[in-house]
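# Examining the three-dimensional arrangement
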Amino acid sequence: MQIAPGAFHFRGHLSLDAQRTLVAQCRALVDGAVPAYVPVVRGGGKMHVRMLCLGKHWNGKTYAYEPTRSDFDDLPAPPLPDEWKALARDLARTAGMTLEADLCILNYYGADGRMGLHQDKDESARSLAAGVPVVSISLGDTARFLFGGLRRRDVVETLPLESGDAFVFGGPARLRYHGVSRIIPGTAPPGLGLTGRFNLTFRQY
Ligand code: SIN
Ligand code: MN
């Protein structure tokens, strides 16, 4: 369903089976050879998520993308799985847009996970100008997602992102402010076996 020009919320897009498969992949990745970590950002504060970037690494100190994690352990960003790229491509197409994702930021939110209001604007000037969308997939506990306007002070809408939901924002919505004010513990589907929340955001640098 379109919630604003260029912004789409697809509720229950993924079957429980598809969610299970993704959760297993996310778990293996965040606890794998190149593990997720809690970034310290430019101002010196810690983020309230565990992050793992695939394809390209987003450096929380410089807000730039790079091949290796120079703000943490110098390990290379693991590759973005082809089937994940295909999933993001299909979702963008469902929203009437085109995305050839070359990176994904995978975040794990515990019970106290959150993310302040921000714009996704560290991708290439070309990608941003073209309005190439961000495709977001949510797994596990419900998030209270904030979706604002192009200016920080604009009115912010609150919507729940539940397990299996997808959210796509591109075109005129590409630079809209957004964030996560809180996670609602215990709301993941019982059959998923996940405490907390994974969020995947696919982007094209
Ligand atoms: C993000 O803005 O990068 C993450 C959004 C979310 O967790 O839903
Ligand atoms: Mn974002």
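One structure accompanies this document, and this report is about it.

## Observations regarding the coordination of the manganese ion (ligand 2)
The protein atoms that coordinate the manganese ion (ligand 2) are His118 (NE2), Asp120 (OD) and His178 (NE2), at distances of 2.1 to 2.2 Å. Written as a sequence motif, the donor residues of the manganese ion (ligand 2) are H-x1-D-x57-H. Judged by its relative accessible area of 21%, histidine 118 falls in the partly exposed class.

## Looking at the layout of surface pockets
Gaps between atoms show up when a probe of the same size as a water molecule is rolled over them. Size it by volume and the largest pocket reaches roughly 710 Å³. Residues belonging to the lining of the largest pocket are distributed by class as follows: 17 nonpolar, ten polar and ten charged.

## Describing the site of ligand 1
Taken together, Tyr109, Met115, His118, Phe145, Leu161, His178, Val180, Arg197, Asn199 and Arg203 make up the full set of residues adjacent to ligand 1. Between ligand 1 and the protein, one listed contact pairs an oxygen atom with a side-chain N or O atom of histidine 118 at 3.1 Å. Within the side chain of histidine 178, an N or O atom sits 3.0 Å from an oxygen atom of ligand 1. Burial of ligand 1 by the protein chains amounts to 97% of its free accessible area of 260 Å². In this structure, ligand 1 is accommodated by the largest pocket. Of all elements in the fold, only β7 (115-118), β12 (178-184) and β13 (197-203) reach the threshold of two or more residues within the shell around ligand 1.

The rules we used
Residues numbered from 1 in each chain as written. Chains lettered and ligands numbered in written order. Predicted model: local features only at pLDDT ≥ 70, side-chain atom pairs only at ≥ 80, totals over all residues. Heavy atoms only, no water. Donors = N, O, S within 2.8 Å, 3.2 Å for Na, K, Ca; no water. Buried < 20%, exposed > 50% of the residue type's maximum accessible area, 1.4 Å probe, protein only. 1 Å grid on protein atoms, 1.4 Å probe; cavity = no way out; pocket = protein on both sides within 12 Å on 5 of 7 lines; lining within 4 Å. Points joined across faces, edges and corners; volume = space filled by probe spheres on them. Nonpolar A, V, L, I, M, F, W, Y, C, P; charged D, E, K, R; others polar. Near = heavy atom within 4 Å. Polar contact = N/O pair within 3.5 Å; in protein donor to acceptor, adjacent residues only side chain to side chain. Areas by Shrake-Rupley, 256 points an atom, 1.4 Å probe, with all protein chains shown as cover. Sits in = over half its atoms within 2 Å of the grid points. Helix = DSSP H or I, 4+ residues; strand = E, 2+ residues; numbered from the N terminus.

Distances and angles like these do not, on their own, reveal function.
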